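Coordinates in review
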Amino acid sequence: MTEPTRIFHNPRCSKSRQALELLTNQGIEPEIIRYLETPPTEQELSDILDALGYQPRELMRTGEKEYKELGLNNPDLSREQLIAAMVATPKLIERPIVLANGKAAVGRPPENVLSIL
């Protein structure tokens, strides 16, 4: 049995809503994870980064005030420290993230998610 398609979703984000709409238009009813309320664990986020082929900062919203307040632009911070910061402050995680078929995609632009279906 294959894993269900999942979307790390913020309903207040237009790109996230558009990605969800693209999935439903494809006949996919994904598991919706409201990551601001239920953030991924450090292991889940590490696995997502690996699936994306990203380093932690590539998945971070560096324009958020928390990024600067927490000193996350410090180049000496480790992968683990950056992941821990995203889990502790999920607002820093770029959205939406869709997981399907053992792959991951960031829906910026939303059409990116179609590549993993």
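Throughout what follows, the structure given in this document is the object of discussion. Computed from a predicted structure; not experimentally measured. (Residues numbered from 1 in each chain as written. Predicted model: local features only at pLDDT ≥ 70, side-chain atom pairs only at ≥ 80, totals over all residues. Heavy atoms only, no water.)

1. A look at helix H1 (residues 14–25)
- The terminal C-alpha atoms of H1, which comprises twelve residues, lie 16 Å apart, in line with the 16 Å expected from a rise of 1.5 Å per residue.
- Of all the residues in H1, the buried ones are Ser16, Ala19, Leu20, Leu22 and Leu23. For H1, the buried positions fall inside an angular range of 155° around the axis, keeping them on one side.
- Of the residues trailing H1, Gly27 is marked for its positive phi of about 85°. (Helix = DSSP H or I, 4+ residues; strand = E, 2+ residues; numbered from the N terminus. Expected span 1.5 Å × (residues − 1). Buried < 20%, exposed > 50% of the residue type's maximum accessible area, 1.4 Å probe, protein only. Arc of directions from axis to C-beta.)

2. A word on the sheet that holds strand E4 (residues 103–106)
- The sheet built from four strands is open, its strands ordered E2-E1-E3-E4 with mixed pairing. For this open sheet the edge positions go to strand E2 (31–34) and E4, each flanked by a neighbour on one side alone. Averaged over all pairs of adjacent strands, the angle between strand axes in this sheet comes to 20°, irrespective of strand direction.
- Along the sheet, H1 makes contact with strand E1 (6–9), E2 and strand E3 (97–100), crossing E1 at roughly 160°. (Pairing = 2+ DSSP bridges. Axes fitted to C-alpha atoms, helices over the stretch in contact; angles between N-to-C directions. Contact = heavy atoms within 4.5 Å.)

3. Description of the layout of surface pockets
- Of the voids in this model, the largest pocket is the one considered here, and its volume is about 210 Å³.
- Together, 14 residues line the largest pocket, and Arg6, Leu99, Ala100, Gly102 and Lys103 are the ones closest to its centre.
- Breaking the lining of the largest pocket down by element, the ones donating at least two residues are E1, helix H2 (42–52), E3 and E4.
- Sorting elements by how many residues they give to the lining of the largest pocket places H2 first, with four residues.
- Of the residues contributing to the lining of the largest pocket, the split by class is seven nonpolar, two polar and five charged. (1 Å grid on protein atoms, 1.4 Å probe; cavity = no way out; pocket = protein on both sides within 12 Å on 5 of 7 lines; lining within 4 Å. Points joined across faces, edges and corners; volume = space filled by probe spheres on them. Nonpolar A, V, L, I, M, F, W, Y, C, P; charged D, E, K, R; others polar.)

4. Here's the deal with the side chain of Glu94
- With respect to the secondary-structure elements, Glu94 resides in the loop between helix H4 (79–88) and E3.
- Owing to a relative accessible area of 17%, Glu94 belongs among the buried residues under this scheme.
- A distance of 2.7 Å separates a polar atom in the side chain of Glu94 from a polar atom in the side chain of Arg108.
- Sequence-distant contacts of Glu94, defined by excluding residues within four places in its chain, comprise Leu59, Arg61, Val106 and Arg108. (Polar contact = N/O pair within 3.5 Å; in protein donor to acceptor, adjacent residues only side chain to side chain.)

5. Details of the pattern of salt bridges
- Scanning the model with the defined rule gives seven salt bridges in all.
- Among the ionic pairs, Lys65 bridges to Glu66, the shortest N-O distance being 3.7 Å. (Salt bridge = Lys/Arg side-chain N within 4 Å of Asp/Glu carboxyl O.)

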